[in-house]
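# Structure at a glance
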Amino acid sequence: MENVPKTAVTSAEPKPDRRREVILWIMHSLVLVLSVLLIVFISADTFENVNFLANHRYMTFQFWVCMGFIADFFVELAYADRKWRYVRRRFSFLLLSIPYLNILNATDIELSYNALYFVRFIPLARGALALSIVFGYFSKNALTSFFMSYLVILIMVVYFCSLIFYQAESQVNPEVSTYWTALWWAGMTMGTAGCYITPLTVSGRVVGVILPIAGMVIFPLFTVYLTDYVKRHAGQQLPSTTKSRSK
């Protein structure tokens, strides 16, 4: 049997595409930064009671954020090994990246202010999905990664719904005097524990339906994660216990 030079073996191994990794890292970082900035922008406008449709800076910023999200989708598609599979799995990301608010504003389509406020949160949903995926990468364990992703989604849903509830109810509901009251209501409602605050607006009632449904979907995942965590740690401690008994 002939000796094969080591250089020939190493040269036959596939080399990682550094250019692909760098470009995807840049795009993912861009999506994260834009998502955080969009959350800050919307939060500031909500707390200051700013009419976002009349805020030219916000409308321009949201448009370019959506363009960044769309660019990220197509860049990932270009580097995907299975493009049709990527499209099937991430097509919802593309739909959430469309600047619907700018389109409605440019075409003079009239919707109620509360309806437009819901539309305003569509790009934020795209940003929340991006945040959940990135946080999920922090763990090598598949179940922990899954848990981290859903934990981020849980936090984002509570926060976004609390903003919508505060914006809709603070002007008409005497029980919603501060944002912290709205955040307390959102947390208690998602936990299905209930709260003394009764929504008076249509938007508040819609959010009041969405939160407990999201809670019933997400909270069982915590039980699955804790069960797996206990099993893994119990399995690690079992050998040491067995050895001590054998002695």
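Placed above this text is the structure.
A few points on the structure. All values reported here derive from a predicted model rather than from experimental measurement.

## Section: the packing of aromatic side chains
Summed over all chains, the structure comprises 12 aromatic pairs. Where F47 meets Y166, the ring centres are 6.4 Å apart and the plane angle is 65 degrees; that geometry is what we call edge-to-face. On the criterion of sequence distance, the pair formed by F47 in helix α2 (residues 18-48) and Y166 in helix α8 (residues 142-169) is long-range, its members being 119 residues apart. Given a relative accessible area of 40%, F47 falls into the partly exposed group. A relative accessible area of 15% means that Y166 is categorised as buried. Note on F63 and W64: the rings are 5.2 Å apart at their centroids and 80 degrees apart in plane angle, and the pair reads as edge-to-face. Judged by its relative accessible area of 30%, F63 falls in the partly exposed class. Positioned above the aromatic ring of F93, the side-chain terminus of R90 is 5.0 Å from the ring centre.

## Thoughts on the environment of M27
Turning to its location among the elements, M27 is positioned in helix α2. For the pair formed by M27 and F73, sequence separation is 46 residues and the distance between their alpha carbons is 9.2 Å. Look past the residues within four positions of M27 in its chain and what remains in contact with it is G68, A71, D72 and V75.

## Focus: a positive patch on the surface
Where like charges cluster on the molecular surface, the positive patch consists of R82, R85, R88 and R89. By secondary structure assignment, the location of R82 is in the loop between α3 (56-79) and α4 (83-97). Using a relative accessible area of 58% as the deciding quantity, one classes R82 as exposed.

Conventions used here
Residues numbered from 1 in each chain as written. Predicted model: local features only at pLDDT ≥ 70, side-chain atom pairs only at ≥ 80, totals over all residues. Heavy atoms only, no water. Phe/Tyr/Trp six-rings, centres within 6.5 Å; stacked < 30°, edge-to-face > 60°. Helix = DSSP H or I, 4+ residues; strand = E, 2+ residues; numbered from the N terminus. Buried < 20%, exposed > 50% of the residue type's maximum accessible area, 1.4 Å probe, protein only. Lys NZ or Arg CZ within 6 Å of the ring centre and 35° of its normal. Contact = heavy atoms within 4.5 Å. Patch = residues over 30% accessible without salt bridge, like charges linked within 9 Å, V, L, I, M, F, W, Y side chains within 5 Å. Areas by Shrake-Rupley, 256 points an atom, 1.4 Å probe, with all protein chains shown as cover. Salt bridge = Lys/Arg side-chain N within 4 Å of Asp/Glu carboxyl O. Lys, Arg positive; Asp, Glu negative; His and termini not counted. Charge placed at Lys NZ, Arg CZ, Asp CG, Glu CD.

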